[in-house]
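Structural description and commentary
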Amino acid sequence: SGQLLGMANAERFLVADDHPMVRDALRTALAQAFPGAAIELAGSLAEVEAALERQPETDALLLDIDMPGMDGLTGLANRALFMDHLRMTIERCKSRHSNQYAVLFLDYDRFKVVNDSLGHADGDELLKQIARRLERWTRTGDLVARLGGDEFVILLCEMPESEEAIQVAERIQDDLKMPFDINGREVFISASIGIALSIDGFRTAEDMVRDADIAMYSAKTKGRARYQVFNEAMRALATTRLQLETDLRQALERREFEVHYQPIFNLETQAIKGFEALARWRHPTLGLISPDDFIPAAEESGLILPLGRWILDESCRQMRAWQDSLPRADNLVISVNLSAKQFLQTDLAEQIAETLESTGLAPCSLKLEITESYLIENSDRAVKIMSRLREIGVELSLDDFGTGYSSLSYLHRLPVNSLKIDRSFVSRMSESEENNEIVRTIVKLAQNLKMDVIAEGIETTEQLDQLNELKCGFGQGYLFARPMEAKAVDEFINENAEQLYGLNGTPIINLELNM
């Protein structure tokens with residue numbers, strides 16, 4: 001973790017290391033070994049290398065110094081050192097009265113997406129900068145460690161009140177609102193933080209870290225970019241989740257997944273535009289499981305790739321079947337969501353083309369929905385992937401628009417056909433003029449860029465009226481129809497054919513299928 005570059009004549013040394021403890025140790029060692037030699041500090045190894053380039057005639061010596069208990073990349077404590085300190089803290093507090101202590105478990109949201117997009121070298125640089133920021137929010141006596149990957153832990157010692165741990169978590173979250181500068185590129189990343197407090201009476205260091213990890217996962221499932229304090233109910237949920245992940249591995253083989261379809265309408269004419277494909281898991285004992293409960297587990301386990309491919313194949317096959325059986329269905333479009341891991345596959349375009357060929361679905365009948373946040377870290381790569389998909393002939397939609405950080409700065413470069421307004425904006429339209437204005441801005445932006453606009457989560461006639469006033473072209477939501485099985489879609493189409501295609505102008509609202 002420490003690095004030393006020294007001039008071969010041993011009269012001048014340049015010392016560089018990101019971690020002050022390593023840097024100071026190197027300076028002390030050099031002063032003892034080479035009395036009288038000039039010891040100069042450099043902010044980074046790159047600065048040392050630049051100094052040598054300015055004096056190419058000078059030979060250089062590079063030494064790697066490994067310090068026990070230190071993480072080689074960030075210079076923080078490693079897992080072993082952290083666990084030793086936590087054990088000592090627990091034992092010390094057992095033997096005498098002491099202030100409280102806490103463990104914060106941090107996992108950086110979507111770090112793998114950032115790492116895959118920017119490359120591992122920039123990913124490593126981001127981890128180093130994260131480490132420095134975490135050190136900024138701790139006090140003397142506290143310990144920051146990297147467990148591995150993008151997982152970090154903090155041991156907060158001698159806290160007068162347990163609320164101090166929450167205050168540290170809040171300061172870290174606030175700090176993450178500022179971008180990281182990675183080789184001239186601004187990168188935003190958030191963290192999910194779990195907090196375990198000593199007042200829960202932990203007997204072992206392993207138990208405390210485990211429960212902080214459980215609380216972190218709870219923060220992730222509640223929307224990420226937040227913190228959660230551990231409680232016993234979380235442990236029960238973690239046990240259930242573990243069983244769910246085990247069942248998930250067998251669900252594909254047992255054909256327990258199914259696709260439900262929610263209609264998308266032209267808001268002005270009430271004519272149907274198409275359907276969005278939504279995954280459901282019909283568990284043999286738990287019944288129908290929401291994607292909010294199993295998609296995160298599928299993403300973590302890697303099962304999202306075979307599952308996503310199956311959803312794509314099944315959705316295209318079903319749309320082609322409707323087009324074959326319904327004369328007016330040729331213009332209907334099926335919208336399929338892509339996960340981050342799917343989107344970043346190098347052979348994604350080939351997979352899409354293969355599915356279209358095997359199902360017989362025309363490319364113009366398929367729309368791929370890509371969540372805005374996936375595109376933030378590397379817009380250049382996103383443009384290349386999306387351009388390849390557009391060459392095939394499929395449509396592209398930017399999902400959950402407005403929930404990311406910087407889409408407006410490069411939206412005009414993305415070859416997308418439509419924007420989807422996140423349901424969180426639609427649901428708050430009636431609450432204030434400010435919320436209404438946000439939706440108005442998104443609609444106007446899309447219109448200026450010659451894109452369609454689709455509003456998600458329309459549940460009231462008031463929301464529908466407001467969206468029509470703003471000339472939002474398309475929408476979906478419980479006001480029109482809930483997601484339904486393919487068989488129910490057949491009945492829906494057959495029973496409401498005239499209204500479905502806008503032939504008599506009668507709105508398709510409050511149908512019995514909605515109940």
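Residues numbered from 1 in each chain as written. Predicted model: local features only at pLDDT ≥ 70, side-chain atom pairs only at ≥ 80, totals over all residues. Heavy atoms only, no water.

Quick notes on the confidence of the model for the protein
Put simply, the protein has an average pLDDT of 82, and 80% of its residues get 70 or more. In this model residues 17-21 is a low-confidence stretch, pLDDT under 50, and it forms 16 contacts with partners more than four residues away in sequence or in other chains. (pLDDT = per-residue confidence, 0-100. Contact = heavy atoms within 4.5 Å.)

Brief notes about the packing of helix 4 (residues 111-118) against helix 5 (residues 120-136)
It is the contact of helix 4 with helix 5, at a shortest axis distance of 6 Å, that shows an interaxial angle of 135°. On the basis of their axis angle, the class for helix 4 and helix 5 is oblique. In this structure, helix 4 uses Phe-111, Val-114, Asn-115 and Leu-118 to contact helix 5, whose residues at the interface are His-120, Asp-122, Gly-123, Leu-126 and Leu-127. Residue composition of the contact of helix 4 with helix 5, by class: five nonpolar, three polar and one charged. (Axes fitted to C-alpha atoms, helices over the stretch in contact; angles between N-to-C directions. Helix = DSSP H or I, 4+ residues; strand = E, 2+ residues; numbered from the N terminus. Parallel < 35°, antiparallel > 145°, perpendicular 65-115°, else oblique. Nonpolar A, V, L, I, M, F, W, Y, C, P; charged D, E, K, R; others polar.)

A few points about the nonpolar core
Membership of the largest hydrophobic core comes to 83 residues, with the highest contact counts inside it found for Phe-275, Phe-343, Ile-352, Leu-366, Leu-368 and Leu-389. In terms of residue count, helix 10 (residues 304-325) provides more of this core than any other element does, seven residues in total. What Leu-389 contacts, discounting residues up to four positions off in sequence, is Leu-348, Ala-349, Ile-352, Leu-368, Val-394 and Leu-396. (Core = buried A, V, L, I, M, F, W, Y, C linked by side-chain atoms within 4.5 Å. Buried < 20%, exposed > 50% of the residue type's maximum accessible area, 1.4 Å probe, protein only.)

Focus on the layout of surface pockets
There is about 430 Å³ of room inside the second largest pocket. If you go around the second largest pocket, you meet 18 residues; those closest to its centre are Tyr-217, Thr-221, Leu-237, Arg-241 and Asp-293. Among the elements of the structure, helix 7 (205-221), helix 8 (232-251) and helix 9 (291-301) are those that each provide at least two residues to the lining of the second largest pocket. Among the elements that take part in the lining of the second largest pocket, helix 8 stands out by supplying six residues, more than any other. Residue composition of the lining of the second largest pocket, by class: ten nonpolar, four polar and four charged. (1 Å grid on protein atoms, 1.4 Å probe; cavity = no way out; pocket = protein on both sides within 12 Å on 5 of 7 lines; lining within 4 Å. Points joined across faces, edges and corners; volume = space filled by probe spheres on them.)

Regarding the sheet that holds strand 10 (residues 191-197)
Across the sheet, which stays open at both edges, the five strands sit in the order 6-7-5-10-11 with mixed pairing between neighbours. This sheet does not close on itself; its edge strands, each paired only once, are strand 6 (143-148) and strand 11 (227-229). The sheet shows a mean angle of 20° between the axes of neighbouring strands, direction not considered. For strand 5 (residues 100-108) and strand 7 (residues 151-159), the ladder comprises seven bridges, and the chain directions are antiparallel. Bridge pairing in strand 7 places Phe-105 opposite Val-153. (Pairing = 2+ DSSP bridges.)

Considerations on the packing of aromatic side chains
The geometry of two aromatic rings is summed up by the distance between their centres and the angle between their planes. Across all of its chains, the model carries seven aromatic pairs by this definition. Between Phe-257 and Phe-294, the ring centres sit 5.4 Å apart and the planes meet at 55°, which makes this aromatic pair tilted. Note that Phe-257 is positioned in strand 12 (residues 257-266) and Phe-294 in helix 9, a separation of 37 residues in sequence. Grouping aromatic residues by their ring pairs yields a cluster made of Phe-257, Trp-281 and Phe-294. The side chain of Lys-273 reaches across the aromatic face of Phe-474, ending 5.2 Å from its centre. (Phe/Tyr/Trp six-rings, centres within 6.5 Å; stacked < 30°, edge-to-face > 60°. Lys NZ or Arg CZ within 6 Å of the ring centre and 35° of its normal.)

Concerning unusual backbone geometry
You will see that Asn-183, though not glycine, has its phi angle at about 55°, which is positive. With respect to the element layout, Asn-183 can be found in the loop between strand 8 (180-182) and strand 9 (185-187). Phi at Lys-471 takes a positive value of approximately 65°, unusual for a residue other than glycine. Within the secondary structure layout, Lys-471 lies in the loop between helix 16 (461-469) and strand 20 (474-475).

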